[in-house]
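Read off the chains here:
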Amino acid sequence: QASRGMGDVSWEEELDKAAEELEEEEWLRQRREAELRKAPLVEHWIREAEAGRPEMLNRYEYSRRAAFKVATMKRLVADINGGTPDDDSVIVVRGITKVFLAEVIEIAAEVRMSESPEGPIQPDHIRQAVNLIHADGSLAMSSRFKRRKFWR
């Protein structure tokens with residue numbers, strides 16, 4: 001076997017480097033696609049802010065930063081399913097929860113605006129928003145959590 005100089009690179013190292021470059025290119029491509037999918041939503045929030053509702057843009061920024069603790073969501077899923085959830089299902093539940101709460105807050109803001117344009121969202125506005133979502137058929141409530149008129 002001939003000795004290699006310091007500048008020589010084995011074919012394995014070249015393959016590793018090429019694979020890393022492809023992975024990086026794939027990551028960048030996926031990142032660009034994600035940004036393109038997000039662009040219409042960002043444009044909507046900017047239009048709302050320019051239309052005289054700057055609190056919408058603030059709400060969007062807060063919702064982007066919001067996150068639920070993994071341990072809390074894992075415990076919640078475990079309580080509901082009766083078993084230990086895997087990490088992927090916890091990620092999905094966290095995402096769905098975030099989208100659902102964003103929708104509830106948006107509807108609560110509309111309820112607040114219909115009652116009085118001033119002031120923050122109150123707990124009653126959130127209750128009304130959940131009731132509206134439930135009445136729309138978008139929210140299926142378990143019988144365990146339904147309100148009862150009479151105690152037994």
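Residues numbered from 1 in each chain as written. Predicted model: local features only at pLDDT ≥ 70, side-chain atom pairs only at ≥ 80, totals over all residues. Heavy atoms only, no water.

### Points about the packing of helix α3 (residues 70-81) against helix α4 (residues 87-115)
Operational definition: Axis definition: a line fit to C-alpha positions, over the contact stretch in the case of helices; interaxial angles, taken between N-to-C directions, run 0 to 180 degrees. Helical segments are the DSSP runs of H or I of at least four residues, strand segments are the runs of E of at least two, and each set is numbered from the N terminus. Any angle that is under 35 degrees is reported as roughly parallel, and any over 145 degrees as roughly antiparallel; angles of 65 to 115 degrees are reported as roughly perpendicular and all others as oblique. The contact rule is simple, with two residues in contact once any of their heavy atoms fall within 4.5 Å. Throughout this entry, Asp, Glu, Lys and Arg are counted as charged residues, while Ala, Val, Leu, Ile, Met, Phe, Trp, Tyr, Cys and Pro are counted as nonpolar. The remaining residues, Gly among them, count as polar.
Direction vectors running N to C along α3 and α4 enclose 100°, while the axes themselves pass 9 Å from each other. Classified by the angle between their axes, α3 and α4 sit roughly perpendicular to one another. In contact with V70, M73, K74 and V77 of α3, α4 contributes D87, V90, V93, R94 and T97. Taken together, the residues of the contact of α3 with α4 break down into five nonpolar, one polar and three charged.

### Observations concerning the packing of α4 against helix α5 (residues 123-136)
Quick reminder of the rule: A crossing counts as left-handed when the near helix is turned anticlockwise from the far one by less than a right angle, and as right-handed when that turn is clockwise.
The interhelical angle for the contact between α4 and α5, taken along N-to-C directions, is 115°, at an axis separation of 8 Å. Between α4 and α5, the crossing angle belongs to the class labelled roughly perpendicular. Pair α4 / α5 crosses with right-handed handedness. Residues F100, E103, V104, I105, I107, A108, V111, R112 and E115 of α4 pack against H125, I126, Q128, A129, V130, L132 and I133 of α5.

### Brief notes about α5
Stated precisely, the cut-off is as follows: Here, expected helix span is obtained from the residue count minus one, scaled by 1.5 Å. Exposure categories follow from relative accessible area, calculated using a 1.4 Å probe and restricted to protein chains: below 20% of the type maximum is buried, above 50% is exposed, and the middle band is partly exposed. By arc we mean the arc of the directions from the helix axis to the C-beta atoms, nothing more.
Taking 1.5 Å as the rise per residue, α5 with 14 residues should run 20 Å; its terminal C-alpha atoms sit 20 Å apart, in good agreement. Where α5 is concerned, the buried positions are H125, A129 and I133. Along the axis of α5, the buried residues cluster in a sector spanning 75°; they form a single face. Turned more than 90 degrees away from the buried face of α5, the exposed residues are P123 and A135.

### Section: α3
For an α-helix the count is 3.6 residues per turn, leaving residues at separations of three or four pointing the same way. Here α3 spans 16 Å end to end across 12 residues, near enough to the 16 Å set by a 1.5 Å rise per residue. Taken from the residues just after α3, G82 is the one with a positive phi, measuring 80°.

### Things to note about the nonpolar core
Just so we agree on the cut-off: Residue types Ala, Val, Leu, Ile, Met, Phe, Trp, Tyr and Cys, when buried and joined through side-chain atoms within 4.5 Å, form a set referred to as a nonpolar core.
Judged by nonpolar contacts, V104, I107, A108, V111, A129, I133 and L139 together constitute the single largest core of seven residues. The element contributing the most residues to this core is α4, with four residues. Discounting residues that sit within four places of it in the chain, L139 has contacts with F100, V130, I133 and H134.

### Some points on a negative patch on the surface
Defined as follows: Within the patch definition used here, like charges are joined within 9 Å and nonpolar side chains (Val, Leu, Ile, Met, Phe, Trp, Tyr) within 5 Å, considering only residues with over 30% relative accessible area and no salt bridge. Accessible surface area values rest on a Shrake-Rupley calculation with a 1.4 Å probe, where residue burial reflects the displayed protein chains alone. Here, a salt bridge means any Lys or Arg side-chain nitrogen found within 4 Å of an Asp or Glu carboxyl oxygen. Only four residue types enter the tally: Lys and Arg on the positive side, Asp and Glu on the negative side, with His and both chain ends excluded. To locate a charge, the coordinates of NZ of Lys, CZ of Arg, CG of Asp or CD of Glu are taken.
Together, E12, E13, E14, D16, E20, E21, E23, E24 and E25 line one region of the surface with negative charge. Note that D16 resides in helix α1 (residues 11-50). The class of D16 is partly exposed, set by a relative accessible area of 48%.

Taken by themselves, the reported measurements are silent on function.
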